[in-house]
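A look at the structure
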2 protein chains.
Amino acid sequence: MNQEIKIGLFGFGTVGQGVYRVIMSAKNAHASIRRVCVRNINKERDIEIPDGILTDDADDIFNDPDINLIVEVVDDASASYRIVTTALKKGLPVVSGSKAMIAVHLPELIELQEKHHTAILYDASSCGSIPVIRNLEEYYDNDLLLEVKGILNGSSNYILSRVFDHGEEYTAALKKAQNLGFAESDPTFDISGKDSLYKLIIITVHALGVYVKPEDIFTYGISSIHDADIRYAREKGVKIKLVAQVVKVCDSKFTMFVMPEFVEPSRYIYSVDNEYNGVVIRGECYDRQFMFGKGAGGLPTASSILSDIMARRHGYRYEYKKMSYIDTPAYTTDVILKVYIHYETTDIPGLIEFERIREMYTSETDNYIIADISLRDMMRYRQLLSAPDVFIANIPVFFLDKDD
Amino acid sequence: MNQEIKIGLFGFGTVGQGVYRVIMSAKNAHASIRRVCVRNINKERDIEIPDGILTDDADDIFNDPDINLIVEVVDDASASYRIVTTALKKGLPVVSGSKAMIAVHLPELIELQEKHHTAILYDASSCGSIPVIRNLEEYYDNDLLLEVKGILNGSSNYILSRVFDHGEEYTAALKKAQNLGFAESDPTFDISGKDSLYKLIIITVHALGVYVKPEDIFTYGISSIHDADIRYAREKGVKIKLVAQVVKVCDSKFTMFVMPEFVEPSRYIYSVDNEYNGVVIRGECYDRQFMFGKGAGGLPTASSILSDIMARRHGYRYEYKKMSYIDTPAYTTDVILKVYIHYETTDIPGLIEFERIREMYTSETDNYIIADISLRDMMRYRQLLSAPDVFIANIPVFFLDKDD
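No experiment lies behind these values; they were computed from the predicted model shown. (Residues numbered from 1 in each chain as written. Chains lettered and ligands numbered in written order. Predicted model: local features only at pLDDT ≥ 70, side-chain atom pairs only at ≥ 80, totals over all residues. Heavy atoms only, no water.)

Facing 44 residues of chain B, the contacting portion of chain A comprises 44 residues. Both sides of the chain B and chain A interface together cover about 3,800 Å² of buried area, and 52% of this is carbon and sulfur. Where chain B meets chain A, there are two salt bridges. Notably, a salt bridge pairs Lys294(B) with Asp287(A), separated by 3.6 Å at the nearest N-O pair. In this structure, the connection of chain B to chain A is made through nine residue pairs in polar contact (both at pLDDT 80 or more). (Contact = heavy atoms within 4.5 Å. Buried area = accessible area lost by both parts, 1.4 Å probe. Salt bridge = Lys/Arg side-chain N within 4 Å of Asp/Glu carboxyl O. Polar contact = N/O pair within 3.5 Å; in protein donor to acceptor, adjacent residues only side chain to side chain.)

Now for the pattern of salt bridges. If you walk through the whole model with that rule in mind, you get 38 salt bridges over all chains. Here Lys99(B) and Asp195(B) are joined by a salt bridge, their closest N and O atoms 3.6 Å apart. With Lys99(B) in helix H4 (residues 99-115) and Asp195(B) in helix H9 (residues 194-208), this residue pair connects regions lying 96 residues apart in the sequence. Take Lys99(B): its relative accessible area is 13%, and that puts it in the buried class. Relative accessible area serves as the criterion here: at 0%, Asp195(B) is assigned to the buried category. Taken together, the salt bridges that share partners define one network made up of Asp165(A), Lys239(A), Lys241(A) and Asp273(A). (Helix = DSSP H or I, 4+ residues; strand = E, 2+ residues; numbered from the N terminus. Buried < 20%, exposed > 50% of the residue type's maximum accessible area, 1.4 Å probe, protein only.)

All names here are of chain A. With parallel pairing, the six strands of this open sheet are ordered in space as S3-S2-S1-S4-S5-S6. Every other strand in the sheet has two partners, leaving strand S3 (54-55) and strand S6 (120-121) as the edge strands with one partner each. Note: strand S1 (residues 5-10) against strand S2 (residues 31-37), six bridges, orientation parallel. Paired with Ile-5 across the strands is Ala-31, a residue of S2. (Pairing = 2+ DSSP bridges.)

Right, let's get into the packing of helix H1 (residues 14-25) of chain B against helix H11 (residues 298-313) of chain B. All names here are of chain B. Running from N to C, H1 and H11 point in directions that differ by 55°, and their axes come no closer than 8 Å. Between H1 and H11, the crossing angle belongs to the class labelled oblique. The crossing of H1 and H11 is right-handed. Residue-level inspection shows Thr-14, Val-15, Gly-18, Val-19, Val-22 and Ile-23 of H1 in contact with H11, the latter providing Gly-298, Leu-299, Thr-301, Ala-302, Ile-305, Leu-306 and Ile-309. In terms of residue class, the contact of H1 with H11 is made up of nine nonpolar, four polar and no charged. (Axes fitted to C-alpha atoms, helices over the stretch in contact; angles between N-to-C directions. Parallel < 35°, antiparallel > 145°, perpendicular 65-115°, else oblique. Left-handed = near helix turned anticlockwise from the far one by under 90°. Nonpolar A, V, L, I, M, F, W, Y, C, P; charged D, E, K, R; others polar.)

What follows is about the packing of helix H6 (residues 154-166) of chain B against helix H7 (residues 170-179) of chain B. To describe two helices that pack against each other, one gives the angle between their axes and the distance between the axes. Residues and elements named next belong to chain B. Two elements in contact, H6 and H7, have axes whose closest approach is 9 Å; the angle formed by their N-to-C orientations is 135°. Classified by the angle their axes make, H6 and H7 are oblique. As H6 packs across H7, the resulting crossing turns out to be right-handed. Residue-level contacts link Ser-155, Tyr-158, Ile-159, Arg-162 and Val-163 of H6 to Tyr-170, Ala-173, Leu-174, Lys-176 and Ala-177 of H7. Class assignment for the residues of the contact of H6 with H7 results in seven nonpolar, one polar and two charged.

Attention shifts here to the relation of the copies chain B and chain A. Under the fitted operation, chain B is carried onto chain A by 0.0 Å of movement along the axis and a turn of 180°, and the coordinates agree to an RMSD of 0.0 Å. Here the transformation between the copies is reduced to the relation of a two-fold axis. In terms of proximity to the rotation axis, the leading residue of chain B is Met291(B), whose C-alpha is 2.3 Å off the axis. Looking at the interface residues of chain B, 100% of them are also at the interface in chain A, so both copies use one shared face. (Least-squares fit on C-alpha atoms with pLDDT ≥ 70 in both.)

All names here are of chain A. With five of six residues buried, S1 is to be regarded as a mostly interior element. Of the pairings in the sheet, the one linking S1 to strand S4 (residues 69-72) comprises four bridges and is parallel in character. Within the sheet, the bridge partner assigned to Gly-8 lies in S4 and is Ile-70.

Residue and element names in this part refer to chain B. Positioned with a positive phi, His-117 is a non-glycine residue whose angle comes to about 50°. Assignment of secondary structure puts His-117 in the loop between H4 and strand S6 (120-121). Classification of His-117 by relative accessible area gives exposed; the value is 69%. One non-glycine residue with positive phi stands out, namely Asp-287, at about 60°. Assignment of secondary structure puts Asp-287 in strand S12 (residues 287-294).

Geometric values such as these leave the question of function open.
Here it is as structure tokens:
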């Protein structure tokens, strides 16, 4: 597709308007936006847009023979699924930023691309402006990769930064994140760890060539963090960050999860604050590489969308090469983690069988336990661990032997 | 080239042996090393290698019809030039790590690629394992890019770290860097800023689509750093780093130079220590992105070579797209910098005409001046500034108006 790119844009919120602005001002992009499909055509918008561009009828885009690329930044997973599958089935390439939809439907999207000889690019779906997907797909395209670990959600990181470094109240910090446009329309999406989870699923496909379903991955957010946890972390000289990770535990197996983590000052992600994202890629030979940048917000995401649009101009598509490797590693939850569990009324030590209890603290108001537990058991006790008086954080010591 | 890759390897030093090890152990690379050409076939080596692989005759590689990729990691720019041009003229693709050769001959190498329908990839030439070139070429492939700035030389950075953070003597630190294999065979290459310069030239071609000759770029190293400079920087709470940068000063112009710089703690590159490299990519919309990793050493460089080999398997080549942009920006030295100049016997204030003198300090042993000067004048006074009693550091305040 080395011709002029004529875009049909779905979604005109913060990101959509960012995309519009960026493309209209990019001299060398050889791209223009022909139509923009929105839910409510009469909504007041802060952006100047020529007559005849806006529509509320998707068919105005799908039936326009001039449009040769769909850009989809709709904040609604099922609408996004309809748009993307319709486009792919028509052989129209898509650039999308919809992590939730992509993470859930990736196997089908890969099939559709193959069947209809077209492509969907979605670097904007993970870590906004940081080119994580493209680098995993193209540059870390070899056997050396051992781990991808990072802060993938800007808004929960912003909240933790405010709470942790500035002593603000959790709810005040959340409100601020929403006002600044960092939080998704439904904040639980960010705070529950789901947003990080979806990004991690996409990353894992491009890192190790394996797709794992969301429900099979242990995901724990930050909504039940207590003052006592923040105090505890401060005393230990660490920060609490919401960390997503996929790690090879041996040649043939890997594990993955999203969980708050005690991060020591010597770690790269320790200094990833506010709405920033940071990703550490670890491999044989090159050890650790660190990529850092703005992970949320309209313009950073739009810049990533623009990179994918430009890549389509040169016919770029993901090859999902790692999926066809001789031995792709298998997903396992059979690993032991060392965790901190705070609780008040839930009887954590009585109800959960731990591999080993290392420390226990009880007081009149708060209690915590530091213990070894398998990830498989954490999945099993998910319900119990999600009680509002409970908060868990991973204490990274990869990976415990039983006698450690 | 989606077939098995059969490699003819030139050079078998630290990097060459790293490449050999990495390729031989990469299960999914579909690549093998058929012949290795060395200068001295009888030299003792620490690596097991089957009979019939080593040769000292380049033609054993060039005349082998099975070999379909040349990997060239020779530590001698003119030998490297002969190998690479011979290969390209035969239509053989090349993966190279020879920054000095590439930086000097890039325009010719681009022509040869086009003429002989083949490709040379050289991500390993800039920042070892960090995928800077590939990202600039592919991902930051748009008008948004404003600046690339970083620590591109691991060995001078290692020396500065030892001197600066550990109070070691300059010569002891240099010796240590050489023993650890971070320094090139000729250490002046690293210390004079030349290594950084060559990388910066390559980066600029992929960042802005413009080639600038080495001799037209102001390059100042760290060999004349004095205790007084280190003391001064410490008192001001900054570190001295050897920084290479290319910066757009307006829509139609950019500047570039390599110079020691006072780096404040709030800057990303402040924490890039020892043999690490770190690159900040700044652009409209996404603001700053930071990439960080091992920039020197055999295995990190070998991992980058492996990425380029894998990319060739999928027919990847640099398109040098930005060189064909409507308006590529023009290189200028007509910018004002604020600099610190230390001197002892050379009469800096008497011999150099500054735009403005901001501070002046004289004592019985050391003197310094803080002044504004145009980059063009710094080029003009190059000879004078390279006196052993003189040391310059940039104080970043982009870009001074004359009345600032």
